[in-house]
Amino acid sequence: MLRKLSSLVLLLAFAVSIVFVSGCGPKGTPQELLDELGELKAASEACDNNVKNLERQKAEREREKTAKESRLESLTEERDALKAELGLVK
């Protein structure tokens, strides 16, 4: 009885190991999938670069806006001062 049980356990262990060794392991990745992955990675990097470029442009536009607002305020004050000197302000 013990001999039959140990034989059965050995046979079962052998069968399980054959399954894992012969076909349940990872397969090679198809070249088409690798090519598509490479294209997607390149597209992702291009988008990242585009985002960084747009963020730099936005920061530059914000600096320009701030400078122009400051200039406008300065010119408005200068205009009001000149009007006051000329007596145009009522």
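1. A closer look at the overall build of the protein chain
For the protein chain, the count of helices and strands is two helices and zero strands. When each of the 90 residues of the protein chain is scored for burial, the buried share is 0%.

2. A look at a negative patch on the surface
Among the surface-exposed residues, Glu 32, Asp 35, Glu 36 and Glu 39 lie close enough to one another that they form a single negatively charged patch. If you trace the backbone, Glu 39 turns up in helix α2 (residues 31-86). When its relative accessible area of 56% is taken as the criterion, Glu 39 is described as exposed.

3. Notes on the pattern of salt bridges
Counted under the stated rule, the structure contains three salt bridges. As a salt-bridge pair, Glu 60 and Arg 63 come within 2.8 Å of each other at their nearest N and O atoms. Of this pair, Glu 60 and Arg 63 both sit in helix α2, three residues apart, which is roughly one turn of the helix. Ionic pairing is found between Arg 79 and Asp 80, a salt bridge with its closest N-O pair at 3.1 Å. Since its relative accessible area comes to 35%, Asp 80 is described here as partly exposed.

4. Concerning α2
Helix length check: α2, at 56 residues, gives a terminal C-alpha distance of 82 Å against a target of 82 Å (1.5 Å per residue), a fit within 8%. In the stretch just after α2, Gly 87 is the one whose phi turns positive, near 80°.

Calculation criteria
Residues numbered from 1 in each chain as written. Predicted model: local features only at pLDDT ≥ 70, side-chain atom pairs only at ≥ 80, totals over all residues. Heavy atoms only, no water. Helix = DSSP H or I, 4+ residues; strand = E, 2+ residues; numbered from the N terminus. Buried < 20%, exposed > 50% of the residue type's maximum accessible area, 1.4 Å probe, protein only. Patch = residues over 30% accessible without salt bridge, like charges linked within 9 Å, V, L, I, M, F, W, Y side chains within 5 Å. Areas by Shrake-Rupley, 256 points an atom, 1.4 Å probe, with all protein chains shown as cover. Salt bridge = Lys/Arg side-chain N within 4 Å of Asp/Glu carboxyl O. Lys, Arg positive; Asp, Glu negative; His and termini not counted. Charge placed at Lys NZ, Arg CZ, Asp CG, Glu CD. Expected span 1.5 Å × (residues − 1).

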